[in-house]
Amino acid sequence: MTLAPHLITTYQQLLTLSQGMLRLATDGEWEALISKEMDYVSAVQKLARSTEDAAPSVQVLEQLRPVLRHILDNEAEVKRLLQIRMDELASLVGQSSRQKSVLSAYGKQGGIVMVPRETQS
């Protein structure tokens, strides 16, 4: 059995998975993205196992180069979109914490609103 067709097929499957992950990240489907990521990690592990014993030839590597470039580009874009999402979530958590502090401080006042008195001239 030759390694090249199997390896090319595995890389194509990995590319398909990475394109799906990018689409999910672009659409904001974060839970589905996490689920798809498990499949992606499994495919990467499968790929690593398949190349442990025998390294691919130079010709196969040249065939795989554009596919690998596309996979890496997809991965970089997914990471960028995830960072944006993490920043959004961090902002929301910060807002929530500030609101909780304000409500806590207001609650300690017993619900009494303090208004400055008018000064007499």
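Shown above is the structure to which this text applies.
Residues numbered from 1 in each chain as written. Predicted model: local features only at pLDDT ≥ 70, side-chain atom pairs only at ≥ 80, totals over all residues. Heavy atoms only, no water.

Draft legend 1. Representation of the overall build of the chain within the structure. Check the secondary structure of the chain and you find 3 helices and 0 strands. In sequence order, the chain lays out its α and β elements as α-α-α. Looking at the 121 residues of the chain, the share that counts as buried comes to 20%. Within the chain, counting contacts between residues at least 6 apart in sequence, those at least 24 apart form 80% of the total. About 9,300 Å² of surface is accessible on the chain, with carbon and sulfur atoms providing 57% of the total. (Helix = DSSP H or I, 4+ residues; strand = E, 2+ residues; numbered from the N terminus. Buried < 20%, exposed > 50% of the residue type's maximum accessible area, 1.4 Å probe, protein only. Contact = heavy atoms within 4.5 Å. Areas by Shrake-Rupley, 256 points an atom, 1.4 Å probe, with all protein chains shown as cover.)

Draft legend 2. Representation of the nonpolar core within the structure. In terms of nonpolar packing, the biggest core is built from 19 residues, with L7, Y11, L14, L33, Y40, I71 and V78 touching the most fellow members. When residues in this core are grouped by element, the largest group, 9 residues, is from helix 1 (residues 3-27). (Core = buried A, V, L, I, M, F, W, Y, C linked by side-chain atoms within 4.5 Å.)

Draft legend 3. Summary view of helix 2 (residues 30-50). Here helix 2 is 21 residues long and its end C-alpha atoms lie 30 Å apart, about the 30 Å a rise of 1.5 Å per residue gives. Listing the buried residues of helix 2 in full gives L33, Y40, A43, L47 and S50. (Expected span 1.5 Å × (residues − 1).)

Draft legend 4. Quick peek at the pattern of salt bridges. The final tally for this structure, using the stated rule, is 5 salt bridges. In this structure, R69 and D73 form a salt bridge, with 3.1 Å as the shortest nitrogen-oxygen distance. In this pair, R69 and D73 are both assigned in helix 3 (residues 58-108), 4 residues apart and thus about one turn of the helix distant. For R69, a relative accessible area of 48% corresponds to the partly exposed category. For D73, a relative accessible area of 39% corresponds to the partly exposed category. One salt bridge connects E75 with K79, and the closest N-O pair in it is separated by 3.7 Å. Here K79 and E75 lie together in helix 3, a separation of 4 residues that amounts to about one turn. (Salt bridge = Lys/Arg side-chain N within 4 Å of Asp/Glu carboxyl O.)

Draft legend 5. Representation of the environment of T10 within the structure. Tracing the backbone through its elements, the reader meets T10 in helix 1. What makes T10 buried here is its relative accessible area of 3%. Taking C-alpha positions, T10 is 6.6 Å from L47, a pair spaced 37 residues apart along the chain. Setting aside its immediate chain neighbours within four residues, T10 contacts A43 and L47.

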